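# Descriptive analysis of the structure
Given next are the chains, with one letter for each unit.
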Amino acid sequence: MRSKFTWILTLFFALIVQAGFAQKQVTGVVKTPEGDPIPGATVLLVGTNQGTDTDEEGKYTLNLKKGDRIQVVYEGFKPSTVTVSDSSVLNVTLVVDESTELDGIVVDTYRTVSKPKNSNAVSTVTSKTIEGRPNASFIQTLQGQVPGLNISTGSGQPGDNNTTVILRGLGSINGNVEPLYVIDGVPMSSDRFRSLNPNDIDRIDVLKDAGATAIYGNRGANGVIVITTKRASFDSSLQVKYVGTTGMSFLQDNQYNLMNAKQYVDFHRKFRGTPPAGNIVGPDGKNMIDYRNPKDGNWVDVFFRDAIAQNHTLSFSSGSKNLNNYTSIGYSDIEGVLKTTGLKRFNFRTNLNGKSDNGKLTYGTTVSANFSKSDMATSAGTAGLNQNYFLGAFQGLPYLRPEMYTGTYESAMANLNAFGNGAMPMLLMDKMRTHGLKQDEFKSIVNGSLNYAIDSNWSMGTNLGVDYQTINQFSFNGPSSFNSRYFAADDQEWFGSIGNVDERRMILTSNSNIKWNKTFGKHSVNAGAYIEYLKAHFKSSGINKEGFDPNFWENGKATGWIGDSDKNDYYAPSASVGEQTAGMFSYFGLASYDYDTRYGLDVTLRRDASFRFIDENRWGTFWSVSGRWNLINEKFMADSKVFSDFKLRASHGTAGNQDITGSGIFGSAYLYSTLYSSGRGYADEANAYSLGQLPKRDLRWEEITTTNIGLDYGFFNNRLRGNIDVYRKQTDDLYQSIPLSAINGTTAINGNFGSIRNEGVELLIAGDIVRKKDLTITLNANGSYNKNQVLNIPNEEGFIWSGSSLTAMREGGRLGEFYLYEFAGINPQNGETQYYDKNGAITENPTDEDRKWLGKSSLPVYQGSFGIDVNYKGFFAQANFTFAKDIWRYDNDYFFFTQPSSVGNANMTNDYLDYWSTSNRDATFPNPNANNLYHLNDSDFYLQDASYIRMRFVTVGYNFKKSDLAFMKLSGLRVYGQAENLVTWTKWRGWDAESNRGVDLSQYPTPRTVSFGVEVQF
Amino acid sequence: MKNKFFTFAALLALTVSCQDAYEIEQPGYRTEDSQIFNSSTDIARGINALYNQIPAESEINFVSYFTDELGVGRDNGGQGINDGSYRFFMNPGNGFAGSLWNNMYNVINRSNRLIHRIDELLAKPKTGTDAEIKAENDALNVAKARVYIFRAYAHMKLFSYYTTDYKNGSALSVIKFDFYHTDDYTRYEKRATVSEIVSFIEDDIETAFSLSNGGAALDIKEGSTSNNNFISKNVAHAILIKLYAMTENPQGILDNLASISGKNMGTAISFSELFAKAETGLETNPDLVWRLVRLPNDGGGVAGAWWAGAVAANRTAYMEIGRSLFNEINSLHPQKRDYRYDATVLGESVIAANYQSLNADRYRAEDLLFIGKYKGTTEVPLQSDIKLIRYTDLYLAKAEAHAMKGEYKEVENIIKEVRTARSFLLDGEVVNFPTISSVREAWEAILKERRVEFAFEGARYLDMKRLGVKAGSPGFVRDPKDCELNDACSLPVTTFKLTLPIPRSEMLSNPNMVQNPGY
């Protein structure tokens, strides 16, 4: 506070000093290149905060002197700085800022081209979309913004790293399926971005087709997401900007129609003939449950909360003639809706760019240091009734109440003994009291670049990047906890445990290049040659320890440590240390040719070596060719009143996936070799030697070949604009499981075999319904259709099914296709479940052969988003809806809510009241005593259409006029309110229709969030 | 121009150490068996790993659910019911059918590799004194004998579960896996016949004996007497006894039983020590021929199949003793002085005398027949040493041998001996035993005796397969109270489900494989 005050004082002082010089009144008009006046533009005297806004005619008036420089700023246009001359009239023309418009630029790590000269399928999202959203990770913000990019969060844990990002359908079965992320030229080791501040991002370019990704060879197969952070420009005055949001998140609702206490007791009485019996004696000596009039326990409030989140980012940017700097600091504190979970984060980022006077030598450095502390939920999605809060909060018996647990192990035990599994919410209250999982992550991305233009045709450069990350994970389970004592040995005296893991990753990338370009007449040619080197190191150490003194214990610490004794080994800690190294080397080149921005051809070629492969499979070669035809620049289009942009693109090429096991950069080294391991011994022998891994010497790259044809269009002065892409993406040499005879010592080995294909269409369309001075209304939509098909399978039957899994794979089918019995209703005679057999007849005893290919998968066929953008004077409103269609998921929660074995043990749905009995033969649910009940969970009975439309976000706000802010000495102020995930329309009964899993059980749902934001510029 | 390339070359030099990017040696990776197996001590470490591969816990788990041993427990939350395992549901995706097949062939694969490496070591010139060289070669030969016995054991287990008809020499059995096999993934074997497998097991045992001075050398381990936690001469004989009980070779049973040394059925006291929590005296327990030692960090835990937390009345009992089994155990002796009651039924159990008249809820809440056989230890609540082969098992095979020969009175005597060994009788008390007056009754008595003797030890399924028809048994029969809510009351003795299906992974990968009937 104090420093801010000083800072304002300094400005004020500067103003007084300025006022001493000779001044004159200068007026001017700010207009577009077409001559249209721009009202509401900000005109600022450089080096001060003195300034004004243009009026309705685009006019401004200021007191200035010769030599003063003024900067004119208006959103959507490039800022312009002009110098005052002798004249008292100074008109300024602003040009549209290309980066926010369709005809902007396209950025990847190796080249930057203007959109008209881009031949590839690339989608760009700018800071305008990303900034100020209350999401912990920018990945969530990207949702629905890029056609063909399927992002499913599947967890409400703030900053959760389980988000799945899939571009244009699954391109691998066991390998990595997610795009490569490159931040400021540094390829990232993982898709974990919880430590990064989304407000630092300037733009994100999503590279989709081979023309764009082949140059990333070894990791480009699943697309590339290029992230560019904000930077300052040369010759710019200091800008200080603050962005802050405060929000609140709420748990999503479910549609399970669960029973309340009264309903449950009545149901139990009807179902079993008796009310439930368990009870517990309260402090008054009386039973705490009155089954004649049972009270509801509000478990949702015990475990969940209205969670508060705040984000603050303060950034500074400025530039002198040869040097510019952008620096930002950020702080976030985001609570999860599950109590005890959350994310706290601190970010620092600074970049510095310099150039020589003649501009020939440029250099830049970026340093970012990010630290986050996460409190995480454990066991979400599991059936651990003493572990999974999301299970216990809803499956607990509804007539139990929080006050029945008094905060001790004994109390938890008493409840368990009285209510059996039904006491799960008490066990979880005990867990919440004593247990935690913390992760502290430090991530630093540092890079430096140097470029030298040898002459007007030749330049060379080098880029060195380091991605350094440390994670400390600390889990604890207090000595008074139910979980530590219930599972302890008989003669164990001290309870409680901790686990501590330290991991350190360092990835070094270096890239050197030489580039050449030449323009002759209407021809221009660019070419570049590159070498890239990557080396990565991983180290970890861990310790686990049991036995802590409760008198010294503190949650989250390791205090009260009990040492090992001669009596037993319970309290001896166990430790582990690990180390891994990975590396890759590549050389590649690219060339592009343009004729008059009418025709263009791009070629890339890349050779890659990976440490994962040997012999002739070590090196992979990837290439691409892409071309374009800018029809709009042809003579016959020149006079078109209709077309304002029209470009055809086509590309074909290959890219590789070296992360064939999907285990990240370090995983699965040496898969080509036999490995022996040393492990747990037997009896009094401490050690045993065994075969650890069978070799697959001929492992090789998964190769993805993509063909893309695209059209960029704009009609009526780009009032209607967008693009269409059609693609075919085929993965060959898939790394997948090949069944083996058991004589090999294992029943399957993974190898390169088979192909899958994704084919689809992507559409982006935006239209300005109203484009007036005061009012603009833009409708936008994007959508994609993706058909996923398995082409061949490594066995003669043409399909792979484990014998128990819900999904299987067949030639011609989809990945993750459900392979189940087809439910044929309840037999009204006996209440047994019925199914269609392979001949279509009804059977009560289906066999494996009666399983059906249902053509349903948990990966959507259709998905996308649509929205509206309204600007009226300073007001703006934005709404965005995302959708996914033809997506199916197995509802395991509903399974438990409808099991007869749950009666008396767990809460149930009121739907189950419709079970078969001799008096209810036309029932939804079978006879509870049916002999073939267990087939139901292998049928499509619990398979649920999970298509949805979700109101992803709504924003309403106001952009203050410069003139209204003068009294506050601000150059910009923007306030807004927004809501995320407010409404979802779906048949899915669970909390969250959006999930990246094929089977869902008691997961951490993504929350609804309402937030308020402010953006201030000084 | 030259300059440019020169500069570029200089940049290249920055990254010139490029090979280190992809030729990476991970620390500690061993890719050849010659890197780790270089002495008899190393080989012994390789054998240690074989013990850990025997899926003993999952066998006990499977057999208890799939037979009439279990009843639904007080705290059941759908275990065994929702997935059908308690309801006699069996298909080629069955977990135990898969894990037994896979684990046992894994044991054999590693055994064959060890045999191959031992032969290499034997052939390799050695340094040292003649005595040292002889000692090392002897040790290698003894190790080899152990591996042969392992291989025979694995084949015997596979034979027992996947063979439809033990007594038909030309019937399909399992794969005979007698060769060194590393990574030729395209080799596909056929199922051998019953007689081929039987003679293969016999040959392996014979080879083991010839390598170990008739088995005597097996029982010497590092200067001391062999512990029953390792493969021994007795184990070799036991394998043959178990095999001949299936193939009905009475003389083979009797001969091998006679060769078992230092073992007997023990007393009521030694029997109760077998399953005591303290696990004292197991090394010398007369009944124990082979046990698998389980130490605190070994993981797993046999009682986890039925219990959560620990074996105690105030812990979570998913499953309990089935009423039909309990009634059999309960009728052994009016004052429960047949110790099999104490060993099987947890002391904290609550027996509802009028259980038949209770409604389903009250039966479940008030008739608490807790399983106490594998109680866990004081150190690890659910985990115990596995009693893999007991002498009593072999001695009852002797009864089977007599029944095969029609000598049913001998059977009666053996049953009486077993009951005497299990009872702690007060003065004047006499042991109850069945009067047997036909061969069928003899089989029936053996089946019944085995049911109570080996309850929750993973025997019931194969007992029914081997003896059920001869004993005239209806198959697995649960008490009506144990199937009131799930309609899974019985499985007839003639069901195809008494032979496990060849697992799906084998059917899928191996074109020469033939599935068992019914699946």
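Predicted model, so just to flag it, every value in this text is computed and none were measured. (Residues numbered from 1 in each chain as written. Chains lettered and ligands numbered in written order. Predicted model: local features only at pLDDT ≥ 70, side-chain atom pairs only at ≥ 80, totals over all residues. Heavy atoms only, no water.)

Here we take up the overall build of chain A. Helices and strands together make up the secondary structure of chain A, namely 13 helices and 53 strands. Its C-alpha atoms give chain A principal-axis dimensions of about 100 × 70 × 65 Å. Relative to its full complement of 1018 residues, chain A shows a buried share of 57%. Partitioning the contacts of chain A with sequence separation of at least 6, the portion at a separation of at least 24 is 70%. Put simply, chain A shows about 39,600 Å² of open surface, and 54% of that area lies on carbon and sulfur atoms. Between the mean site of the 98 positive side-chain charges and the mean site of the 105 negative ones, chain A shows a separation of 7 Å. (Helix = DSSP H or I, 4+ residues; strand = E, 2+ residues; numbered from the N terminus. Buried < 20%, exposed > 50% of the residue type's maximum accessible area, 1.4 Å probe, protein only. Contact = heavy atoms within 4.5 Å. Areas by Shrake-Rupley, 256 points an atom, 1.4 Å probe, with all protein chains shown as cover. Lys, Arg positive; Asp, Glu negative; His and termini not counted. Charge placed at Lys NZ, Arg CZ, Asp CG, Glu CD.)

A separate point is the state of the cysteines. Residues and elements named next belong to chain B. If you walk through the whole model with that rule in mind, you get 1 disulfide over all chains. The partner cysteine of Cys483 in its disulfide is Cys489, sulfur to sulfur 1.9 Å. Taking the sign of the torsion about the S-S bond as the criterion, the disulfide between Cys483 and Cys489, at about 95°, is right-handed. Among the residues examined, Cys483 registers a relative accessible area of 3% and is labelled buried. (Disulfide = S-S within 2.5 Å.)

A few words now on the packing of aromatic side chains. All names here are of chain A. Under the counting rule described, the total for this entry stands at 95 aromatic pairs over all chains. Seen in terms of ring centroids, Tyr670 and Tyr672 are 5.6 Å apart; in terms of plane orientation they differ by 25°. Their pairing is stacked. Looking at Tyr672, the relative accessible area reads 11%, which means it is buried. Between Tyr894 and Tyr942 the ring centres are 6.2 Å apart and the planes differ by 70°, which places this aromatic pair in the edge-to-face class. Pair noted here: Tyr894 is in helix H12 (residues 892-897) and Tyr942 is in the loop between H12 and strand E48 (943-945), with a separation of 48 residues, a long-range link. (Phe/Tyr/Trp six-rings, centres within 6.5 Å; stacked < 30°, edge-to-face > 60°.)

With 95 residues of chain A at the interface, the matching set in chain B holds 96 residues. Both faces combined, the contact of chain A with chain B buries some 8,000 Å², and carbon together with sulfur accounts for 55% of it. Among the residues of chain A in contact with chain B, A:Tyr682, A:Tyr689 and A:Ile743 are the three that bury the most area, contributing 12% of the side total. Between the two partners, chain A and chain B, sit 5 salt bridges. (Buried area = accessible area lost by both parts, 1.4 Å probe. Salt bridge = Lys/Arg side-chain N within 4 Å of Asp/Glu carboxyl O.)

A few words on helix H16 (residues 460-467) of chain B. Residues lying three or four places apart along an α-helix face the same way, a consequence of the helix completing one turn every 3.6 residues. All names here are of chain B. Of all 8 residues making up H16, 8 are buried, and the element is well covered by its neighbours. Within H16 the residues assigned to the buried category are Arg460, Tyr461, Leu462, Asp463, Met464, Lys465, Arg466 and Leu467. Taken together, the buried residues of H16 touch helix H3 (56-66), helix H5 (130-162), helix H7 (233-247), helix H13 (391-404), helix H15 (439-453) and strand E11 (475-477).

Turning to the nonpolar core, a few remarks are in order. Counting residues in each nonpolar core, the largest one holds 167 residues, and the members touching the most others are B:Trp101, B:Tyr105, B:Tyr162, B:Trp290, B:Trp306, B:Trp307 and B:Tyr461. In terms of residue count, H5(B) provides more of this core than any other element does, 16 residues in total. One finds A:Ile289, A:Leu391, A:Tyr409 and A:Trp991 within the second-largest nonpolar core, a separate group that totals 69 residues. (Core = buried A, V, L, I, M, F, W, Y, C linked by side-chain atoms within 4.5 Å.)

Residue and element names in this part refer to chain B. For the coordinates displayed, the defined rule picks out 91 salt bridges over all chains. In this structure, Lys134 and Asp138 form a salt bridge, with 2.7 Å as the shortest nitrogen-oxygen distance. Of the two residues, Lys134 and Asp138 both sit in helix H5, 4 residues apart, roughly one turn of that helix. For Lys134, a relative accessible area of 51% puts it in the exposed group. A network of salt bridges, in which partner residues are shared, links Asp287, Asp338, Arg340, Lys373, Arg390, Arg419, Arg422, Glu449, Glu453 and Glu457.

The subject of this paragraph is the packing of H13(B) against helix H14 (residues 408-422) of chain B. All names here are of chain B. H14 packs onto H13 with a crossing angle of 160° between their chain directions and a minimal axis gap of 8 Å. On the basis of the axis angle, H13 is roughly antiparallel to H14. Both H13 and H14 take part in a crossing whose hand is left-handed. Seen from H13, the contacting residues are Thr392, Tyr395, Leu396, Lys398, Ala399, His402 and Ala403; seen from H14, they are Glu410, Val411, Ile414, Ile415, Glu417, Val418 and Arg422. Its residues assigned to classes, the contact of H13 with H14 shows 8 nonpolar, 2 polar and 4 charged. (Axes fitted to C-alpha atoms, helices over the stretch in contact; angles between N-to-C directions. Parallel < 35°, antiparallel > 145°, perpendicular 65-115°, else oblique. Left-handed = near helix turned anticlockwise from the far one by under 90°. Nonpolar A, V, L, I, M, F, W, Y, C, P; charged D, E, K, R; others polar.)

Attention now moves to the sheet that holds strand E52 (residues 999-1000) of chain A. The strands making up a sheet associate through hydrogen bonds between their backbones, and the pairing can be parallel or antiparallel. Residues and elements named next belong to chain A. The strand order across the open sheet formed by 3 strands is E48-E47-E52, and the pairing between neighbours is mixed. For this open sheet the edge positions go to E48 and E52, each flanked by a neighbour on one side alone. Sheet topology note: the strand E47 (residues 888-891)/E52 ladder contains 2 bridges and is parallel. Counterpart to Tyr890 in the pairing with E52 is Val999. (Pairing = 2+ DSSP bridges.)

A word on the confidence of the model for chain B. Taken over all residues, the pLDDT of chain B has a mean of 92, while the share at 70 or more is 95%. For this predicted complex, the interface score ipTM comes out at 0.92, while the overall pTM is 0.87. (pLDDT = per-residue confidence, 0-100.)

Let's shift gears to H15(B). In this model H15(B) runs 21 Å from its N-terminal to its C-terminal C-alpha over 15 residues, within 8% of the 21 Å that 1.5 Å per residue would give. Within H15(B) the residues assigned to the buried category are B:Ala442, B:Trp443, B:Ala445, B:Ile446, B:Leu447, B:Glu449, B:Arg450, B:Arg451, B:Val452 and B:Glu453. (Expected span 1.5 Å × (residues − 1).)

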